[in-house]
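As a plain string of letters, each chain reads:
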Amino acid sequence: MTQVNRLQGGQIDRSQSLSFTFDGKRMTGHPGDTLASALLANGVRLMGRSFKYHRPRGVLTAGSEEPNAIVELREGARQEPNTRATTAELFDGLVARSQNRLGSLRFDLLAVNDRLSNFLTAGFYYKTFMWPAAFWEKIYEPIIRKAAGLGSLSLQDDPDVYDKGFLHCDLLIIGAGPSGLAAALTAGRAGADVILCDEDFRIGGRLNSETFAIGDASGADWAAATLAELSSLPNVRVMARTTVIGAFDHGIYGAVERTGDHLLAPKPGKPRQVLWRIYSKQALLAAGATERPIAFENNDRPGIMLASAMRSYANRFATTAGARSVIFTNNDDGHRTAADLRAKGAQVAAVVDVRDNAPHSDDFEVIKGAQVINSAGRLGLRSVTVRAADGTIRRINCEALGVSGGWNPNVHLTCHMRGRPQWDNALAAFVPGGDLPPGMQVIGAAQGDLSTAGALRSGAQAAAQALDLQTSPIDLPQAEDAPVNVTPFWYVQGASRAWLDQQNDVTVKDVKLSHQEGFRSVEHLKRYTTLGMATDQGKTSNMGGLAIMAELAGKSIPEVGTTIFRPPYTPTAIGVLAGRHRGKHFHPTRLTPSHHWAKEQGAVFVEVGNWLRAQWFPQPGETHWRQSVDREVLATRQSVGVCDVTTLGKIDVQGTDAAAFLNKVYCNGFAKLPVGKTRYGLMLREDGIAMDDGTAARLAEDHFVVTTTTANALGVYRHMEFVHQCLCPDMDVQMISTTEAWAQYAVAGPNARKLLQKIVDPAFDISNEGFPFMACGNITVCGGLRARLFRISFSGELAYEIAVPSMYGDALIRRLMDAGKEYDVTPYGTEALGVMRIEKGHAAGNELNGTTTALNLGMGRMVSTTKDSIGSVLSARSGLNQSDALNLVGLIPVNHADAVPAGAHLMNADGPVNAQHDQGYVTSAAFSPNLGHAIGLALVKNGAARMGETLRLVSPLTGVETRVTIASAHFIDPKGDRLRA
Amino acid sequence: MLINHPLLGPRDAAEFTYLGDASLIDRPDWQAPDAAQAFVEYGYMRDNPAGWHRELWFHEAGDRSWLVVTRNTLTHEISNVELARDVARARGRSK
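Overview of the structure. (Residues numbered from 1 in each chain as written. Chains lettered and ligands numbered in written order. Predicted model: local features only at pLDDT ≥ 70, side-chain atom pairs only at ≥ 80, totals over all residues. Heavy atoms only, no water.)

In terms of regular secondary structure, chain B is built from 2 helices and 6 strands. Taken from N to C terminus, the helices and strands of chain B fall in the order β-β-β-α-β-β-β-α. Its C-alpha atoms give chain B principal-axis dimensions of roughly 45 × 30 × 20 Å. The buried share of chain B, reckoned over its 95 residues, is 41%. Accessible surface for chain B amounts to roughly 5,000 Å². Of this, 50% is attributable to carbon and sulfur atoms. Across chain B, the mean location of the 11 positive side-chain charges is 7 Å away from that of the 14 negative side-chain charges. (Helix = DSSP H or I, 4+ residues; strand = E, 2+ residues; numbered from the N terminus. Buried < 20%, exposed > 50% of the residue type's maximum accessible area, 1.4 Å probe, protein only. Areas by Shrake-Rupley, 256 points an atom, 1.4 Å probe, with all protein chains shown as cover. Lys, Arg positive; Asp, Glu negative; His and termini not counted. Charge placed at Lys NZ, Arg CZ, Asp CG, Glu CD.)

Right under this line is the structure:
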């Protein structure tokens, strides 16, 4: 195709041609084009189908407010639906497709919806597809979803990288039109750190779309010269293609920079988009204004667009939607479009102005006091019907109609911190209210200064004020200073299929219906009709809806009010919000020092918090995880096993008050723990519920090492700092997390001591007498390496935990394995660890589940009543100490072949199975290879007094019902002889 | 949000974790005759003001200070940031 609608001039680079396709058809454009302008230049007015009625649609605007020209860009994994053709910068090789159609764009089969429009009004889906309920998910919803089209996803992973960044500045300027540029020049020359952002790829805002002079230069040339100066200043950062999407607390703004969207693919190693968090001392909002349409019958045909957009296409992009144009306006600005089109050699058939006192022109016909009441043309505008002041009807042939209903300042960011805009009668528009985000000023058209001179002036003044400058460092050039002359006019009376929200297909009729059905609040109107809820968020449509609603309710527009503006200002890719936090980078992965050794052993890993822990170590011939786990358990109990317990939280507590401090945070006593001894400790929350458990080892009078569970390491540390800083600030105690500093291994089993004696240096006596159960101490191993040894046991065996500085963890595990060969030392993972602790009846995370007290866990007597500790007072509450309180018990299946599923509930041997008769539930379960059957730990009402009783174990969801006997939770070695051996 | 740490200057709120009402500093005396009632009040009863609120923040990704931040819950304006230990001492807490 040739560029049949290309005009002269413009800011496109004709020396280069860019080839692109639209719905498979090859076309060309130039650098400086958007997809929309290139399509118009190629004579394409029809760019999409509407959301609900599948009406043919073209472009309405030339910017990010576009509701209509929504297309799918690119192919393969980079395919992106629902992008605006008006902001898509043209590049060589761009592949674009229209969307929301069944069949071709010209012959969309779903256009039948338009014929059914009498039924498909607001609330249609709510009212119609109510019954039967089962039909909704399987039948109605898929059909509606297919018909109510949005673009399609590639269903492949996004191949691009997104980044996040942080910027700081004295002055953030949002928008690089005349006011933003004047402000940036003022602040930049004054030496302030300035960031100037604009969503467009070309700096200058409306200056690029207008023919006004600034001083001796054209607006576009002045913008280019100003940009050149700003770019030369080291203290100014100009960011094109950067949309400030939200205003947040304390001068922080979010901005998305599209660094790769104007390229076929981002440069290698570079992100596609960057989400910037900008910390500003002051901010100037120079977001400009958006022209609004006027609603009339069939006002949505391709070729009908905003008059200002027509001017942008003509002046900046050197293109037009058609050879012959008509303008429909209620203000003087519309006449500029006619004049500019004439200057470009395009034909202007007439200017239809609703005002009787509209200005006269010698260059084109002005039909005063007239209205465009209808349009014709199936796939694009062919003519408009005009009703003159005297009531006569006239048909004017044209391919393009520019509509101007006045301008709305872009107040969005002024409202992101719950500010409300206020009504300005002279502009017939909302302007920023008084409650701006702190540190923000609004300049230029965004605050209602719609003339170029006014914009330049307000920009320079606001920058000087923000920076407290006594004299302005710039001389303001001469510029156009025309007053705003507008007569509010929202829609042509009598019109019903007159579109307000073209993206969501909301018409004047829908707004009237909504009012008639009682949706009187503007928030209800929005949700019932979906007005303003499309991806454009109603930038061109909300005002029209409000005005009609006000008229119906007999109120003024400010009385009706606006809906709330929320971030983001324009649609934002989820990818850029996620940044690099995707896939495995969603959270960090923590590896223990002997991870690589475990990998060499073929370990299967499991995520525990952010850690990867070895779950079991399969051996050749083992085909099921149970084989590996059973072997590891038996080998440990029969000889010796080693488990990596590095991930347990470790907190080093030091100070003369360290013992008193631990006495405060643990419910049991620590003051009298001798040096060289370790004690189990239970921490409660202040409400009496168990928070975490672990051990505290006293290495010196003023030095303890506390361990926490892996999952709670962070929370326990935070809690301990809270107790110290907020409750006991004068205690002489300091703590630091040393989880990463030490690699720690449990060495368990009858041969544990023999194994350790081979690596612990001979100076240290670790015999049963020299280093009894619960002993701890600083030792050296392997000929002088400092280490810590704790004789503690989670498995119930003779066991130790040995810690060495992290960098020696890998060497230690290899040495242990080597030294342990004669005892057939077996590495075991978290599953075997779990089996053995269940066999031993030790509580873990399943039991410390945020609902259990010390009493529930069988540790009620541990809560000291002779000292103050966190949780001690409320753990004595009567409600937590009822006679039927849950107790931790063991369960054995009556039929040893039965499983004991964790999570199953327990009922009395006879009687109903329901929640009222619930006796408790299974918290942990395992197959015990030592006992040869399944076992479980359970919390059972008054369970401690019910030993030997048979209960029914039920899981109604999975149809399980078996019989279990209550037993001691200590299945193995209940007297603890092995521990002390 | 930015929190103006008394020792470190303005820091991004992302470096902090939030706990709640600074009245958690005023932990009751465990030996008082009405201790049980006082602990219930302390543990469960919170004001939820629309306006100025003193609250505890922990500089977890920073220097591990607990801070008392005076923040307006309507505007997020922060008028004062203190070290919690100073506040605790001023309120009579010691060991």
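On we go.
Taken in spatial order, the 6 strands make up an open sheet running β40-β41-β42-β39-β33-β43 (chain A), and their pairing is mixed. A strand with exactly one partner marks an edge of an open sheet, and here the two such strands are β40 (776–781) and β43 (826–827) of chain A. (Pairing = 2+ DSSP bridges.)

To continue, consider the packing of helix α5 (residues 178–189) of chain A against helix α6 (residues 219–232) of chain A. Residue and element names in this part refer to chain A. Relative to each other, α5 and α6 sit at 30 degrees, their axes nearing to 10 Å. Between α5 and α6, the angle falls in the class roughly parallel. Seen along the crossing, α5 lies across α6 with a hand that is left-handed. Here Pro178, Leu181, Ala182, Ala184, Leu185 and Arg189 of α5 come into contact with α6, specifically with Trp222, Ala223, Thr226, Glu229 and Leu230. (Axes fitted to C-alpha atoms, helices over the stretch in contact; angles between N-to-C directions. Parallel < 35°, antiparallel > 145°, perpendicular 65-115°, else oblique. Left-handed = near helix turned anticlockwise from the far one by under 90°. Contact = heavy atoms within 4.5 Å.)

As for its position among the elements, A:Asn5 is in the segment before β1 (18–22). With residues up to four places along the chain from it excluded, the contact list for A:Asn5 reads A:Leu40, A:Ala41, A:Gly43, A:Ala318, A:Thr319, A:Thr320, A:Ala321 and A:Gly322.

Residue and element names in this part refer to chain A. Here Arg6 lies in the segment before β1. Accessibility expressed as a relative area gives 15% for Arg6, which makes it buried. Polar contacts involving the side chain of Arg6 include one to the side chain of Gln3, which spans 2.6 Å. At 2.3 Å, the side chain of Arg6 and the side chain of Asp33 are in polar contact. Apart from the residues lying within four places of it in its own chain, the contact partners of Arg6 are Ile12, Arg14, Gly29, His30, Asp33, Ala41, Phe317, Ala318 and Thr319. (Polar contact = N/O pair within 3.5 Å; in protein donor to acceptor, adjacent residues only side chain to side chain.)

Looking now at the pattern of salt bridges. All names here are of chain A. For the coordinates displayed, the defined rule picks out 52 salt bridges over all chains. Across the pair Arg311 and Glu210 runs a salt bridge, and its minimum N-O distance is 2.9 Å. Remark: Glu210 occurs in the loop between β9 (194–197) and β10 (213–214) and Arg311 occurs in helix α7 (residues 307–316); sequence separation between them is 101 residues. Of the charged contacts, one joins Arg631 and Glu632 as a salt bridge, the two residues approaching to 4.0 Å between their closest N and O atoms. Residue classification places Glu632 among the buried positions, given a relative accessible area of 0%. Connected through salt bridges with shared partners, the residues Arg206, Glu210, Arg311, Asp333, Arg336 and Glu480 form a single ionic network. (Salt bridge = Lys/Arg side-chain N within 4 Å of Asp/Glu carboxyl O.)

This part covers the environment of A:Thr647. All names here are of chain A. Mapping Thr647 onto the fold places it in the loop between β33 (641–644) and β34 (649–654). Classification of Thr647 by relative accessible area gives buried; the value is 1%. In sequence terms Thr647 and Thr61 are 586 residues apart; their C-alpha atoms lie 58 Å from each other. In contact with Thr647, not counting residues within four places along its chain, are Thr592, Trp611, Arg613, Thr710 and Thr739.

The subject of this paragraph is the sheet that holds strand β3 (residues 17–21) of chain B. Residue and element names in this part refer to chain B. Across the sheet, 4 strands lie side by side as β3-β4-β5-β6; this open sheet has antiparallel pairing. Among the strands making up the open sheet, the edge pair consists of β3 and β6 (78–83). Adjacent strand axes in the sheet meet at a mean angle of 30 degrees, parallel and antiparallel pairs treated alike. Bridge count between β3 and strand β4 (residues 52–58): 4 bridges; the pairing is antiparallel. Paired with Thr17 across the strands is Phe58, a residue of β4.

Residues and elements named next belong to chain A. Burial within strand β39 (residues 742–748) is extensive, with 7 of its 7 residues counted as buried. Residues of β39 alternate between two faces, with Trp742, Gln744, Ala746 and Ala748 on one and Ala743, Tyr745 and Val747 on the opposite face, all of them buried. In the sheet, β33 pairs with β39 via 4 bridges, with the strands oriented antiparallel. In the strand pairing of β39, Cys643 is matched with Ala746. Here β39 runs beside strand β42 (residues 799–805); their pairing, made up of 7 bridges, is antiparallel. When the sheet's bridge partners are listed, Ala743 is paired in β42 with Val804.

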